[in-house]
Structures are given as structure tokens and as C-alpha cells.
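A structural walkthrough
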Amino acid sequence: MLLTSRGRRIGGRVALGLVSTAVLGVTGFAWTQLSRLDQAIVTADVIAPSAQMPVGPAGEPLKVAQNILLVGIDSRTDTNGNPLPQNVLDALHAGDSDDGGDTTDTMIIVHIPAGGAAATAISIPRDSYVDIAGGLGKHKINSAYSRGKNAAMNSLRAQGLSGPELEVKANEAGAKLTIQTIERFTGLSINHYAAVNLAGFSALSEAVGGVEVCLNEPVQDKFSGASFPAGKQLLSGPQALAFVRQRHGLPSDLDRIARQQAFLSSMAKTVLDAGTFTDPTRLSALVGAVQGSVVLDRGWDVLSFAQQLRGMSSGALKFQTIPVQSLSLPTPSDGDAVKVDPAEVQAFVKAALNSTSVAAVGEPNGGIGIKPVAATSSIAAPPSSSGASTPSAMAGCVN
């Protein structure tokens, strides 16, 4: 799974969390369709035994709080390690199979407390300058995946692995190092892992029938393919990917995080409130998209987990972003990075998770009910990056 070079960086392919962690009570047909996930979903051995959670009784509320790491990877391969066709890459404005850097441009921890009726999603800026696990020194957090993957390549080749099999096993090593790095940085234990690749995000957005977004101003960006008017619009496929991947023309990555959060907020409402699980065609398409684009940790019983979250509504999902101290920290070898204080981040995460409740999020059943938050608590983000209203800005819209 690869990330773009030459400025074509992708974020936001994390919609699996809205499928696997927010299923309402559904029909027998829906559960039949969801059971297909067990038949073809790709899994990876990436969660330490000490962090694995026992599966609770089907239909009963979640008994133990859990943390799910959702990552978006700009992959030039599918979940089985096979290269994506050039026509697919062209449609996604993704360059060719030689582009990429094996990094994770989207990292979101979804915390679900005991009871399973609410969730808090915490975004981590990809350029956060942190200690990489395994004694690899301080680097941008999104490089943990590539460093873990590349370090495993030689030993895996020595074992005789090659082609797609080599790609899949190396990706596993990258995921493990990413998880270890994020655990040390946030102080949280990661219990589940879900990765969505480049083409997969496009497919997932199409499967739900499109996602409504709103922009303050019109957008034109040749690198991502983003070309949108101002105001509300329904996006799917390559358009949806362009919306969350755009990097050029935005003041900072905090603005891109705000887009990711706003998009996932809207997708949550689409999945949970729009009859997705009672629409045979839409549900079948959604399951098919998940099968071809998502990697889950091995041993995660998604069906049982979903049954334990039947009480969750789209209004019970709150987005936040970790505090940062600077958006332009000079580094010895990684260019400008985002300065973060691990102690401050861990205190922020602890406070955010202790306050998780449906009441803290808003009306569970009225309006969109989800509040994306991109501004940080430790510094004042630039005016254009804070999400604050301006005379020309439209309520509920993003940059």
C-alpha cells in the first residue's frame, strides 16, 4: 500500500469505521449481506494479544470500551497486494504505479465506550513529529508505516516471498509499527485496526449513493482533480476522493482534516439514517466495496461487534483533533513538521474520552448531529484553518 509523491498526498479513506462500528438494528436480509464480509474480507495479524478483546454475547451492549485505529493509505495495490490497473489510477488522478511513499496520510482513533451508544473520533495530523516505535528516532508520524514496511522487506524476501504475497506481509509489518507508534504517542491501547486504500474510498462513497458536502468557496486543484463550486453538493467516486485528498490551495493540513471530518460526518448520517441497511441494492454494493478495499485486524468479529452497537445513531459520533503547538517545525531530515507535545496530547485524549456521551454530542436523532472539530486547543490555528465563521463563510461549510 503506497502513498503519493510529488505532492499528490491522499487523506480520508477511512469510511470503514462507519460500517463496522455503527450498525443499527437491521433486517434478516441485512445480516445475510453483512455476513459476506467474513467470506472475502482481507485480514492482517497486527493487534498484539494483550490488546485483543473477547467477543461479547451477540445482541448485548458493548461491555468493554474499545479503540479502533482507522488509517487511509494511498495504495497503488489492492488489498491482496496486486497493482491497481492504470485506468483506475487515471480515474482517481493518482499518477502511476511508481508514485507513492508508503505512508499513512489519515489516522483516526475511534473510541467507543462501554454500552456502545456513542463514539469519539480523534484525528492525528499526518506530519506530527513524534518518536517512531522500534527505536527509529523522531520523524513524521505518517512515516511509521513505510519505515516498518521497508524494514521487513529484506527479511521477507529472504524467506522466499515475492509479488503480492510479499506486499501483503510487508504491509502487515508497516501496520504493526504504526499501531505501536500511535499507542506510545496517545497513551491508548489499540484494540482493532482498519485500513482503507485509495480505490476503496472511491468505491465506498459510490456504494452509499454519494455524500453531501459543503464548501465555502469554489475549488480548482489539478493535482487532486478537485473541481467543485461553492455550496452544498453530492459527491461520490473519484469526486469524493478528490474532496478529501486535496492538499494544494489549502492553508494547512488542519483544513484537510476538517474536510475529512466533515465528509465522514455526512457519510455517517447517510449510512445510519438513510435506510442503507434496509435497501438491498445499496447494502449489497456497500458490502462489496468493503470486501475489495478494506483490511481488518485478524480475529475481529465485525458482525458480533456491530450487533453490540445497535443503539448508536449518527448523532452519537463526535470528531476532535489533537492539540498542536506549531504547524511549521523545522526538522533535521523531514522538512517542516507539526510540533506536538506527547504529554499534552495524552492529557487531551484522556479528557476527551472521559467526556464521551450522547448528550455531549448533540441530538441523536435530529439534524446531522455530528460536529467536526479541526481547531486545536493549544494554539490558535490560522483564521482560515480554524473553521471559525467569517462574513463570507456559510454555516456548516468547510474550506
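What you see is a predicted model, and the numbers here were worked out from it, not measured in a lab. Note on numbering: residues in each chain are counted from 1, in written sequence order. Under the rules for a predicted model, residues below a pLDDT of 70 receive no local features and side-chain atom pairs below 80 are neither given nor counted, while totals for whole chains, interfaces and linings still include all residues. Heavy atoms throughout the structure, all of them, feed into the side-chain values; hydrogens and water do not.

1. Some thoughts on the pairing of strand S2 (residues 66-73)
Burial here depends on accessible area, computed with a 1.4 Å probe over protein chains only, as a share of the maximum for the residue type. Under 20% is buried, over 50% is exposed, and the range in between is partly exposed. In this description a helix means any DSSP run of H or I spanning at least four residues, a strand means any run of E spanning at least two, and both kinds are numbered starting from the N terminus. Of all eight residues making up S2, eight are buried, and the element is well covered by its neighbours. Strand pairing requires that DSSP identify at least two bridges connecting the strands. Bridge count for S2 against strand S3 (residues 104-112) is eight bridges, and the pairing is antiparallel. What sits directly across from Gln66, in S3, is Ile112. Pairing of S2 with strand S7 (residues 192-197) involves six bridges; the strand directions are parallel. The residue of S7 that forms the bridge with Leu70 is Ala194.

2. As for the nonpolar core
For this analysis, a nonpolar core means a set of buried residues of the types Ala, Val, Leu, Ile, Met, Phe, Trp, Tyr and Cys, connected via side-chain atoms within 4.5 Å. Val110, Phe228, Phe243 and Phe263 are the most contacted members of the largest nonpolar core, which has 44 residues in total. A per-element tally of this core places helix H9 (residues 253-273) first, with six residues. The contact criterion used throughout is that any non-hydrogen atoms of two residues lie within 4.5 Å. Excluding its chain neighbours within four sequence positions, the residues that come into contact with Val110 are Gln66, Asn67, Ile68, Leu70, Ala119, Thr120 and Ala121.

3. What to know about the state of the cysteines
Disulfides are defined as pairs of cysteine sulfur atoms found within 2.5 Å of each other. Inspection of the entire model under this criterion finds one disulfide. Here Cys214 engages in a disulfide with Cys397; their sulfurs sit 1.8 Å apart. Measuring the twist about the S-S bond at about 40°, one finds the Cys214-Cys397 disulfide to be right-handed. Highlighted residues: Cys214 in strand S8 (residues 211-215) and Cys397 in the segment after helix H13 (358-361), separated in sequence by 183 residues. With relative accessibility at 13%, the residue Cys397 sits in the buried group.

4. Looking at helix H5 (residues 144-158)
Here H5 spans 22 Å end to end across 15 residues, near enough to the 21 Å set by a 1.5 Å rise per residue. If you look at H5, its biggest bend is around 30°, right at Ala152. Buried within H5 we find Ala144, Tyr145, Ser146, Gly148, Lys149, Ala152, Met153 and Leu156. Turning to H5, the residues buried within the fold contact S2, S3, strand S6 (138-140), helix H6 (163-186) and S7. Phi turns positive one or two residues past the end of H5, at Gly160, with a value near 95°. Working rule for helices: expected span equals 1.5 Å times residues minus one. At every residue, the bend is computed as the angle between two fitted axes, covering the seven residues ending there and the seven beginning there respectively.

5. Quick look at the packing of aromatic side chains
Within 6.5 Å between ring centres, the rings of Phe, Tyr and Trp (the latter by its six-membered ring) count as paired, and their orientation is classed by plane angle as stacked under 30 degrees, edge-to-face over 60, tilted in between. Across all of its chains, the model carries two aromatic pairs by this definition. Relative to Phe263, the ring of Phe243 lies with its centre 6.1 Å away and its plane at 35°, an arrangement referred to as tilted. Residue Phe243 is located in helix H8 (residues 238-245), and its partner Phe263 is located in helix H9; the two are separated by 20 residues in the primary sequence. The class for Phe243 is buried, based on a relative accessible area of 0%. What makes Phe263 buried here is its relative accessible area of 0%. Put simply, the rings of Phe228, Phe243 and Phe263 touch in pairs and so form one group of aromatic residues. A ring is considered to have a charge above it if a Lys NZ or an Arg CZ atom is located within 6 Å of its centre and within 35 degrees of its normal. Sitting over the face of the ring of Phe243, Arg259 holds its NZ or CZ atom 4.9 Å from the ring centroid.

6. Regarding the sheet that holds S3
With mixed pairing, seven strands are arranged side by side in an open sheet as S1-S12-S7-S2-S3-S4-S13. Single-partner strands in this sheet number two, and they are strand S1 (42-44) and strand S13 (317-321). Taken pair by pair, the neighbouring strands of this sheet meet at an average axis angle of 25°, ignoring direction. Where S1 lies against strand S12 (residues 294-297), three bridges are found, and the strand directions are parallel. Looking at the pairing, Thr43 lines up with Leu296 of S12. Each of S2, S3, strand S4 (119-123) and S13 touches helix H12 (residues 342-354); the most contacted strand, S4, lies at about 160° to it. Each axis is a line fitted through C-alpha atoms, taken for helices only over the stretch in contact, and angles between the N-to-C directions span 0 to 180 degrees.

7. So, the confidence of the model for the protein
Values of pLDDT, which run from 0 to 100, indicate the predictor's confidence residue by residue. Predicted confidence across the protein gives a mean pLDDT of 75, with 67% of residues reaching 70 or more. Within the protein, strand S5 (residues 129-131) carries the highest mean pLDDT (98), whereas H13 carries the lowest (35). Between residues 1-27, whose pLDDT stays under 50, and residues either more than four places distant or in other chains, the model counts 138 contacts. In the predicted structure, residues 95-100 sits below a pLDDT of 50 and forms 22 contacts with residues beyond four places in sequence or in another chain.

8. Points about the pattern of salt bridges
Salt bridges are defined by distance alone: a side-chain nitrogen of Lys or Arg within 4 Å of a carboxyl oxygen of Asp or Glu. Summed over the entire model, instances satisfying the criterion amount to seven salt bridges. We note a salt bridge from Glu167 to Lys149, for which the minimum N-O separation is 2.5 Å. You can see Glu167 sitting in helix H6 and its partner Lys149 sitting in helix H5, a full 18 residues away along the chain. Given a relative accessible area of 13%, Glu167 falls into the buried group. Judged by its relative accessible area of 1%, Lys149 is buried. With its nearest N and O atoms 3.1 Å apart, the salt bridge here joins Glu172 to Lys169. Of this pair, Glu172 and Lys169 both sit in helix H6, three residues apart, which is roughly one turn of that helix.

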